[in-house]
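Geometric and topological summary
Take a look at the letters that make up each chain.
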Amino acid sequence: MNFSVVTSQFWSLALQGLALGLIYALVSLGYTMVYGVLRLINFANSEVFMFGTFATLYIEVHFLGYDIGAPSLHGFKLVYTLAFALLASMLACAILAIIVELVAYRRLRARGANRLASLISAIGVSIFLLEGMRMITISRPMTTPRLLDKWSFGEFHGANFRIDTVLTIVAPIIIFVVLDQFVTRSRLGKSIRAVSMSEENSKLMGININRVITLTFCIGGLTTGAAAFLYTTVYENTIFNVGFNMGIAAFTAAVLGGIGNLRGAFFGGIALGMLEQFASAMLGSQWKAVTVFAVLVVVLLFKPNGLFGEAVQQTRT
Amino acid sequence: MNKKIVSGLAIAAAATLALGVVATSPASAAAKKSVTLAFQGPLTGGDAQLGQDQIPGAIYAIALYNAKNPAVKVELIKADSQCDGTVAANIAPGVAANKAVIGVIGTSCSGEARNSFPAYRAAGLTMIAPSASAVSLTDPKAPDRGFPIFHRVVAHDGFQAPALARYAAKGVTNPKYYVIDDMTTYGGPLAKGTLPTAKKLGTVVGTDSVAKGTADYTSVASKVKASGANVVIYGGYTTDAAKLFKALRDGGYTGILASGDGTNTSDFPGLAGKAAEGVRLTAADVPFDSILTKAQLAEFTKITGIKVPGLYSTTAFNATNIFLDCISQGKLTRSAIQLCVNSGTFKGVGGDVIKFNRYGDIIGGAPVGGYLVKDGVINYDAVA
């Protein structure tokens, strides 16, 4: 066990853990939103993330024409390009998430199918997307150009506040605050919360259930798309199965925080990112997954509904 | 999220492919008009370049052989393992079931070799690997050895690992090594194999093992930076090496980056970008284009469509030629091929003599080359 690395690199590990955890948090929101209203895990969310990384790559390389060796951008052009890629990724993922809902969930729900049928159909869509991308890309990894030069704002006790790290921290926080306010204050947000509490009562109150569910998938797709953009911008690569590990991590974060709970997903993501970084530093990277799941089991032993979960889980703030 | 189901489908797909190979295979060996050799390695996936660099060597050798109008023509089938042991365990039985196949040029990766042994051993199918270099594959004491069917025309990592440690620190006074591996059959032992030489030449300030396929290497970069290392050695494959080296450079590490032949593929500079510049790589291979004459190189390009032969084209060419040599001697059954390969003496394209010891290694080993990435291209530098 290497404590000296943790003490000497504490702030650096914390900063990197926060950045990584916030990417997890954004994907985790996709899982938790859907679980909140449907009480089902959207297994296709990991492939929605994968799709977002390829959408970002497509926009940057093919649509905007920046090849792998393209020089980094600056000023307005940089802001415009990144904002465009972010919005395109979010939009692509939202559309895909809505299609997933229509294909894998809605018809089965309308026919009163067993809940497990929806679960299996979501897995089917997930495999379809995964294998489809595998065939399109012949399983090869792909890189994106470094449009954002990784300059630093400065260091604090060894923690390097690089532009991509700061972006990965600031953007998810803004997205989360907006989403939190939307769910808490807006009419549509209140509809989502109402459906999560009781579908039957919501129907009686005149809420269009299908519209709320589609909206929930759409929001999940938007946050997952944002995560995919940030991932591609920071790591500059993607591959057809990139969603697998991300899906595991985000789902774990959602369970750790309390699935069905927005704030739970958000802080669960951060906790997971931090835990991974410190476990890797202290015990060695080979112990990262073991440590994360050991901690998860211990947390669930004492807080069976996760850190922020309640006995009756709801999509609430 | 759906690993079990994906695995299940992969098995089903592999079985279908295997049946397809059987169903579409050319004339049977019994007809003695043509026989088939199989190339097994990654042709798709993150490590695909490793196989894609090698298979032209096999195609070229077979084309030259068939052009001589021999009594028995040779055909080549491809088995895509994706450098994944699980995939290999599924496709190897299909190749073994194809009666036309009398030899396997492969495997490219060590993990897939180990997982293919049960099927090929049961079928008596001889393997000659162009690049699977893990020591255990030919270690008589190792439980995962490939005896008696496995052979390789590449020096094993018992030669490469010390050479990698030497070449990584070449010109560095007081090298401080940080050694990282990808926890695979290949990467783990290769990285660990560098440690004795590293300790002789300098100090080892840290080690770490990060599973292949990890996305985020920032914590490793922090540890390396904190350790004060000036030489980082990575035992693993291209895709992850690119991610690790990028994270290290972005994290402020300015020392030497080095890796073995798993990273020495032509797509590495493209995947690692600027972080690839100056990276030191090793491989127990002599560049094919340095052996061929101009006319032969033009012929190679005409046949394969490849202008610059990739890494281990030479060993793939040699491995194929060993089979072709046996076939031209009239050895047309799996057992005859095995006897021929086990006991024969063959000539490599560079004029070297190839003879295998009892456990499948070439007698006398082979030199390990040092390669340097410059301006986005991997260039042969010197003997490592």
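The rules behind the values
- Residues numbered from 1 in each chain as written.
- Chains lettered and ligands numbered in written order.
- Predicted model: local features only at pLDDT ≥ 70, side-chain atom pairs only at ≥ 80, totals over all residues.
- Heavy atoms only, no water.
- Helix = DSSP H or I, 4+ residues; strand = E, 2+ residues; numbered from the N terminus.
- Rg over C-alpha atoms; globule rule 2.2 N^0.38 Å.
- Buried < 20%, exposed > 50% of the residue type's maximum accessible area, 1.4 Å probe, protein only.
- Contact = heavy atoms within 4.5 Å.
- Areas by Shrake-Rupley, 256 points an atom, 1.4 Å probe, with all protein chains shown as cover.
- Lys, Arg positive; Asp, Glu negative; His and termini not counted.
- Charge placed at Lys NZ, Arg CZ, Asp CG, Glu CD.
- Core = buried A, V, L, I, M, F, W, Y, C linked by side-chain atoms within 4.5 Å.
- Disulfide = S-S within 2.5 Å.
- Buried area = accessible area lost by both parts, 1.4 Å probe.
- Salt bridge = Lys/Arg side-chain N within 4 Å of Asp/Glu carboxyl O.
- Polar contact = N/O pair within 3.5 Å; in protein donor to acceptor, adjacent residues only side chain to side chain.
- pLDDT = per-residue confidence, 0-100.
- Pairing = 2+ DSSP bridges.
- Axes fitted to C-alpha atoms, helices over the stretch in contact; angles between N-to-C directions.
- Expected span 1.5 Å × (residues − 1).

Before going further, it helps to examine the overall build of chain B. A tally of regular secondary structure across chain B gives 13 helices and 14 strands. For 384 residues, the compact-globule estimate of 2.2 N^0.38 gives 21 Å, and the C-alpha radius of gyration of chain B, at 20 Å, lies within 12% of that figure. For the C-alpha atoms alone, the extent of chain B along its principal axes is close to 65 × 50 × 40 Å. Taken across its 384 residues, chain B has 58% of its residues classed as buried. When contacts within chain B are restricted to residue pairs at least 6 apart in sequence, those whose partners lie at least 24 apart make up 72%. When the accessible surface of chain B is summed, it comes to about 14100 Å², and 59% of that surface belongs to carbon and sulfur atoms. Charged side chains of chain B number 36 positive and 26 negative; the gap between the two group centres comes to 5 Å.

Once that is clear, we can look at the nonpolar core. Core analysis: the biggest nonpolar cluster contains 87 residues, and Leu38(A), Phe49(A), Tyr105(A) and Phe217(A) have the highest contact counts within it. Broken down by element, the residue count for this core peaks at 16 residues, all from helix 2 (residues 10-38) of chain A. The contacts of Tyr105(A), once residues within four sequence positions are left out, are Leu38(A), Leu40(A), Ile41(A), Asn42(A), Phe43(A), Val100(A), Ser118(A), Ala122(A) and Phe217(A). In this structure, Tyr234(B), Leu248(B), Ala276(B) and Val279(B) belong to the second largest nonpolar core, which totals 38 residues.

Take the state of the cysteines next. All names here are of chain B. Evaluated as defined, the whole model comprises 2 disulfides over all chains. Bridging cysteine 326 to cysteine 340, the disulfide has an S-S length of 2.0 Å. Looking down the S-S bond of the cysteine 326 and cysteine 340 bridge, the torsion is -90°, so its handedness is left-handed. One end of the pair, cysteine 326, is in helix 12 (residues 313-328); the other, cysteine 340, is in helix 13 (residues 334-343), with 14 residues separating them in the sequence. The same class applies to cysteine 326 as to cysteine 340, namely buried.

Counting from both sides, the interface comprises 36 residues of chain B and, opposite them, 43 residues of chain A. Summed over both partners, the interface of chain B with chain A comes to about 3000 Å²; 55% of that surface belongs to carbon and sulfur atoms. In this structure, the connection of chain B to chain A is made through 5 salt bridges. Between Lys225(B) and Glu155(A) there is a salt bridge whose closest N-O contact spans 3.7 Å. Linking chain B to chain A there are 18 residue pairs in polar contact (both at pLDDT 80 or more).

Confidence along chain A averages 91 in pLDDT terms, with 97% of residues attaining 70 or more. A low-confidence stretch, residues 311-317 of chain A stays under pLDDT 50, and its non-local contacts, those more than four residues away or across chains, total 25 contacts.

Residues and elements named next belong to chain B. Strands sit in the order 2-1-3-4-5 across an open sheet of 5 strands; the sheet is parallel. Pairing within the sheet leaves two strands with one partner each, and these edge strands are strand 2 (73-80) and strand 5 (150-152). Each strand of the sheet is rotated relative to its neighbour by a mean of 25°, with strand direction disregarded. Relative to strand 3 (residues 101-106), strand 1 (residues 34-41) runs parallel, the two being bridged by 5 bridges. Directly across from glutamine 40, in strand 3, lies its bridge partner glycine 106. The strands touched by helix 12 are strand 1, strand 2, strand 3 and strand 4 (126-129); relative to strand 3, the strand with the most contacts, the crossing angle is about 160°. Contacts between helix 13 and the sheet are confined to strand 3, strand 4 and strand 5, with strand 4 contributing the most and set at about 45° to the helix.

Residues and elements named next belong to chain B. Counted at 1.5 Å a residue, the expected span for helix 2 (residues 48-67) with its 20 residues is 28 Å, and the 29 Å between its end C-alpha atoms agrees. Across the 20 residues of helix 2, 15 count as buried, placing the element largely inside the fold. Phi turns positive, to about 55°, at asparagine 69, one or two residues after helix 2.

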